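# Observations on chain architecture
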Protein chains: 2
Amino acid sequence: MGTADEDPIPRTIEWCGDRIRLIDQRRLPHELVLVDATTVDELCDYIKVLAVRGAPALGAAGAMGVALAHVTGVPVDTAAAQIVATRPTAVNLAWGVQRALDADDPAAEAERIADDDVVINRALGAAGAEVVAANANVLTHCNAGALACVGYGTALGVIRAAHEQGKRPHVWVDETRPLLQGARLTAWELDRLGIDCTLVIDSMATSLMSAGQVDVVVVGADRVAANGDTANKVGTHGVAVLAHHFGVPFYVAMPLSTVDPDTADGAAIVVEQRDADEVASVGGHAVAAPGVAVDNRAFDVTPAGLVAGWITEAGLFRDPAELLVARRSVTRSR
Amino acid sequence: MGTADEDPIPRTIEWCGDRIRLIDQRRLPHELVLVDATTVDELCDYIKVLAVRGAPALGAAGAMGVALAHVTGVPVDTAAAQIVATRPTAVNLAWGVQRALDADDPAAEAERIADDDVVINRALGAAGAEVVAANANVLTHCNAGALACVGYGTALGVIRAAHEQGKRPHVWVDETRPLLQGARLTAWELDRLGIDCTLVIDSMATSLMSAGQVDVVVVGADRVAANGDTANKVGTHGVAVLAHHFGVPFYVAMPLSTVDPDTADGAAIVVEQRDADEVASVGGHAVAAPGVAVDNRAFDVTPAGLVAGWITEAGLFRDPAELLVARRSVTRSR
């Protein structure tokens, strides 16, 4: 297992004293470009357009945004509200903002969150690798890799840990319409890591499972409610239903900070509606008739009953009640 | 109900005495362009690139291809084999070719198939409209509209008949990756017909069904096996599993000619594997990292047990054995 410095995927987001440096994920897989956010407004724009995305990465981004407000002399409470409002579904964004607000030194806290993220993901990867058998075919949806975090990844962290253990997994990468995070980001990461993968359209998961070509599903999460209902990228719920139908175990991998004790169940999770143009055009190229009505929900909520287990830095939980206890114990220890 | 001449969607394919005229569906929804196939090779190219597609339309195309071989002095058996080999899954292609081969006048037979197609689709639309309640939300996948046929449509024919009965259906249009027949063709047709619709990515079907926003699913078919297992555009099987899970009735609409008595069950259906580039790029714009492995199955097979009924010109069949009897009786009557 390499150190962070040797990682083939650079850190997604970093605090640089007076600015935030981040990978502009819109430009992947074509080019790996780092950009700087020097103001809270810039950061909010980068979050809205998904230049930086993924629940754990947004936790770090939120904390760094508070630090940025401090050093740029912007009222911190206003900045915090502005940052939290950019994306309503991922709980880590609000969590990171609050951690920095509560800290004496927001910049140091933001850096601690970023460093912790990589440590946490390596721990959850190690804890979750047991669900990936030797030579397993693993299906994942969206990108819950290093790019969705500060580093290492959650769902891809589990696969990566299995790969580092010599298990030689093969990954079915759902392309993940509309923004193709699977095709653009997950396939790129797995290629960099030397992990065998095959890209498929989202709706081919049924053919794969029906043919016995999927042994396990591992996905990330944007918010896990107190009862275990799990919000993640739109399409995840469908994969969970299919996995249930075909008897394939379906796991969610995420840091405990993604569990939201204040959200009772999935019905209380706000699902972000995004722009119609994300569906009606691809890469600036119009694919649908002009003016067609579009419904573009960015997330869906998988009922807890369809989840075989939640993989966290504190281990694998099959009972959402125990997951909630673990989440609360972390809060108390900080 | 308008006559064929008043149809807002022109016939997809027509025999013009010495050539075949067809809508180049690759250019929709941006422009409605008719092109001519003057040789069997040209026709085969148009079929392979999906300028003309959809099981019933391919039935007419196959018959017209045999007629074209006759008038251009190409050996008919060679041409027939060449045409059938272009697309392995849709049974109507081979069926249309055989009908023309068996006829004394292939051109007249091809025209008869084309005319019959519109009559058949109007009949199956009328027979199927009962499954669409007033103000129903109907979900469909891919394009089984006028463009998939010579005219009127199968799954969209059912919706169109319900609309003509004043039932005011609303249609959820799955975009249907990779080639976006839903976004490009189905949304365009429904707009022309004045039927309310909303475009969604394929993987949003789960959110819709979970929220009770889908009352019924109606799709087309490329081949129905003797036991009722149904091949259709990749993604259909997933919609059927979801419909089953959420208690939404799932119907297949197709002419009896799509039932293949010689295919015992789904396992015997050859599923076409198409080019990786259909997934790795959209509209010529690369979306995935270069060189990524892709699995691009064009169809999947929905087990008969997930189908609430097959809607045909001979009525709605809930028992695949009765469907097979109806198919065989048509064969005998010709």
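Residues numbered from 1 in each chain as written. Chains lettered and ligands numbered in written order. Predicted model: local features only at pLDDT ≥ 70, side-chain atom pairs only at ≥ 80, totals over all residues. Heavy atoms only, no water.

## As for the overall build of chain A
For chain A, the helix and strand inventory stands at eleven helices and 16 strands. For 334 residues, the compact-globule formula gives about 20 Å, and the C-alpha radius of gyration of chain A, at 19 Å, lands near that figure. When the backbone C-alpha atoms are referred to their principal axes, chain A occupies close to 60 × 50 × 40 Å. Within the span of chain A, comprising 334 residues, buried residues form 64% of the whole. Counted over contacts in chain A with a minimum sequence separation of 6, partners at least 24 positions apart contribute 76%. Working note: accessible area of chain A is about 11300 Å², and carbon and sulfur atoms make up 49% of it. Counting 26 positive and 43 negative side-chain charges, chain A places the averaged centre of each group 1 Å from the other. (Helix = DSSP H or I, 4+ residues; strand = E, 2+ residues; numbered from the N terminus. Rg over C-alpha atoms; globule rule 2.2 N^0.38 Å. Buried < 20%, exposed > 50% of the residue type's maximum accessible area, 1.4 Å probe, protein only. Contact = heavy atoms within 4.5 Å. Areas by Shrake-Rupley, 256 points an atom, 1.4 Å probe, with all protein chains shown as cover. Lys, Arg positive; Asp, Glu negative; His and termini not counted. Charge placed at Lys NZ, Arg CZ, Asp CG, Glu CD.)

## Examining the nonpolar core
By size, the foremost hydrophobic cluster in this structure holds 157 residues, and its most contacted members are Val217 and Phe250 of chain A together with Val217 and Phe250 of chain B. In contact with phenylalanine 250 of chain B, not counting residues within four places along its chain, are Val217, Val219, Thr236, Val239, Ala240, Ala243, Thr302, Leu306, Val307, Ala308 and Gly309 of chain B. In terms of nonpolar packing, the next biggest core, distinct from the first, is built from 40 residues, Val35, Ile47, Ala60 and Ala80 of chain A among them. (Core = buried A, V, L, I, M, F, W, Y, C linked by side-chain atoms within 4.5 Å.)

## Quick look at the pairing of strand β3 (residues 34–37) of chain B
Side-chain positions along a regular strand alternate between the two faces of the sheet. Residue and element names in this part refer to chain B. Residues of β3 alternate between two faces, with Val35 and Ala37 buried on one and Leu34 and Asp36 left unburied on the opposite face. The pairing of strand β2 (residues 20–23) with β3 spans four bridges and is classified as antiparallel. Within β3, the position partnered with isoleucine 23 by the bridge is leucine 34. (Pairing = 2+ DSSP bridges.)

## Focus on the confidence of the model for chain A
Looking at chain A as a whole, its pLDDT mean stands at 95, while 97% of the residues score no less than 70. Both confidence scores are given for the complex: pTM 0.96, ipTM 0.95. (pLDDT = per-residue confidence, 0-100.)

## As for the sheet that holds strand β11 (residues 259–260) of chain A
All names here are of chain A. Pairing within the open sheet is mixed, and its four strands lie in the order β11-β8-β9-β14. The sheet terminates laterally at β11 and β14 (299–302), the two strands that pair on one side only. Bridging between strand β8 (residues 223–225) and β11 involves two bridges; their strand directions are parallel. Across the sheet, residue valine 224 finds its bridge partner in β11, namely valine 259.

## A short note on a negative patch on the surface
All names here are of chain A. A contiguous patch of negative charge on the surface is contributed by Glu14, Asp104, Asp105 and Glu111. In this structure, glutamate 111 sits in helix α5 (residues 106–128). Given the relative accessible area of 39%, glutamate 111 is considered partly exposed. (Patch = residues over 30% accessible without salt bridge, like charges linked within 9 Å, V, L, I, M, F, W, Y side chains within 5 Å. Salt bridge = Lys/Arg side-chain N within 4 Å of Asp/Glu carboxyl O.)

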